[in-house]
Amino acid sequence: MAINLALKFSPKLDERYKHNSFTDAWCGNSYEWEGVNAIKVYTINTGKLNDYDATKTANRFGTPHEVEDEVNTYQLRRKRSFSETIDVTNTQDQLFLKKASNYLKQMWDYAYVPEMDKYRLHTWAEGAGLGTLNATALGKATVVKAMLTGLTALDDAGVPFEGRVMYVRSDIAIEYRLADEFKADGLGERVSKRQIGDINGTPVVAIPPTFMPKGVVFLIKHKQATADPTKLKTLRAHENPPGIAGVLLEGLVRYDSFVLAQKADGIYVYASDADAVCAAPTFSNASNKVTIESTTSGATIKYTTDGTNPKTSDTAKVYSAAVAISADTTFRAYASKTGMLSSPITAYDAVKA
């Protein structure tokens, strides 16, 4: 004789795991987008120093030049929405488990927060001004030195100590936690849920590998190197709107992220995958002709000679052949390729022979 067991649905939902945003606390907030979808930001260019000449009757300070400036435009592009319904006849027959408020919170926690984190991290890495591409895997004997080298690069670029954060893939965070330097410095005493330690006062935050852009091992960021507006966050429930017996659930969030043109050196990327991240350009000067190359096959190189950021500047040119110089010239360049993360920016002072 068969035994037929009864089934019953539990009145308790099986909810997904969730976490708060990894990036919110380190987003830049120096600019406002109230009433507009784009802002323009002026930057005053730095002039050149001269040798003061007391023997001249005029212009002893040098020939006067009008102070030049640069304008960069930052326009919001992300408008992310959803529209769902909870029919009253269905919820009646599902133990009344589907609650509008719970669903709206779930969409924020499980859809918006992860997407915004990943988008910001990719944008920050894409716009980075500093970085290293090294295919050798980091281990417990090398990871701390690599991190300190990244912090030193920010030091050399004049980036303030306060306001820095280091995001590291959680698999590499294991090597960091096992490093002798970690134990010797007593960093274990300062571990929190997200912050697994700090190096020279910079918090080290572990994040899932799936959140980090492909090929990136760790990323150092100064908070004000970016502008990361969330202009609109609307999550709402309409009770019994026309044509629906139940609840219409809608959401709309407008957000974006920008690496500020003059603060790109406030971001450092350590990458390990040459198939995912472009190699930074290198320079050589022969007979006053500067050659720019990248080891990434098929990469496009863009450069400037006026000191501006080649990733954002209107004066950036696509490199095609050696560039002739008639005077000492400072080049800034980066490499990019479809489907890959752009390289950091490299600078080169070409001295006329």
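Residues numbered from 1 in each chain as written. Predicted model: local features only at pLDDT ≥ 70, side-chain atom pairs only at ≥ 80, totals over all residues. Heavy atoms only, no water.

Visitor: Run through the packing of aromatic side chains, naming residues and quoting values.
Guide: All chains considered together, the criterion is met by 15 aromatic pairs. Both rings, one in F218 and one in Y268, keep their centres 6.3 Å apart while their planes meet at 25 degrees; by these two values the pair is stacked. Here the residue F218 occupies a position in strand β8 (residues 216-222), and Y268 occupies one in strand β13 (residues 267-271), the gap between them amounting to 50 residues. When sorted by exposure, F218 lands in the same class as Y268, which is buried. With a centroid separation of 5.1 Å and an interplanar angle of 10 degrees, the aromatic rings of F218 and Y270 are classed as stacked. Remark: Y270 occurs in strand β13 and F218 occurs in strand β8; sequence separation between them is 52 residues. Residue classification places F218 among the buried positions, given a relative accessible area of 0%. For Y270, a relative accessible area of 6% translates into the label buried. Its guanidinium or amino end placed over the ring of Y119, R78 lies 4.5 Å from that ring's centre, counting from NZ or CZ. (Phe/Tyr/Trp six-rings, centres within 6.5 Å; stacked < 30°, edge-to-face > 60°. Helix = DSSP H or I, 4+ residues; strand = E, 2+ residues; numbered from the N terminus. Buried < 20%, exposed > 50% of the residue type's maximum accessible area, 1.4 Å probe, protein only. Lys NZ or Arg CZ within 6 Å of the ring centre and 35° of its normal.)

Visitor: Please set out the environment of G339 residue by residue, giving values where relevant.
Guide: Mapped onto the fold, G339 is located in the loop between β19 (329-336) and β20 (346-350). By relative accessible area, which is 75% here, G339 ends up exposed. Along the backbone, G339 and V277 are 62 residues apart, and their C-alpha atoms lie at a distance of 9.1 Å.

Visitor: Outline the side chain of S257, listing residues and values.
Guide: Within the secondary structure, S257 sits in the loop between β11 (246-255) and β12 (258-259). What makes S257 buried here is its relative accessible area of 1%. Here W124 takes part through its side chain, which lies 3.0 Å from a polar atom of the side chain of S257. The contacts of S257, once residues within four sequence positions are left out, are R77, Y119, R120, T123, W124, A227 and D228. (Polar contact = N/O pair within 3.5 Å; in protein donor to acceptor, adjacent residues only side chain to side chain. Contact = heavy atoms within 4.5 Å.)

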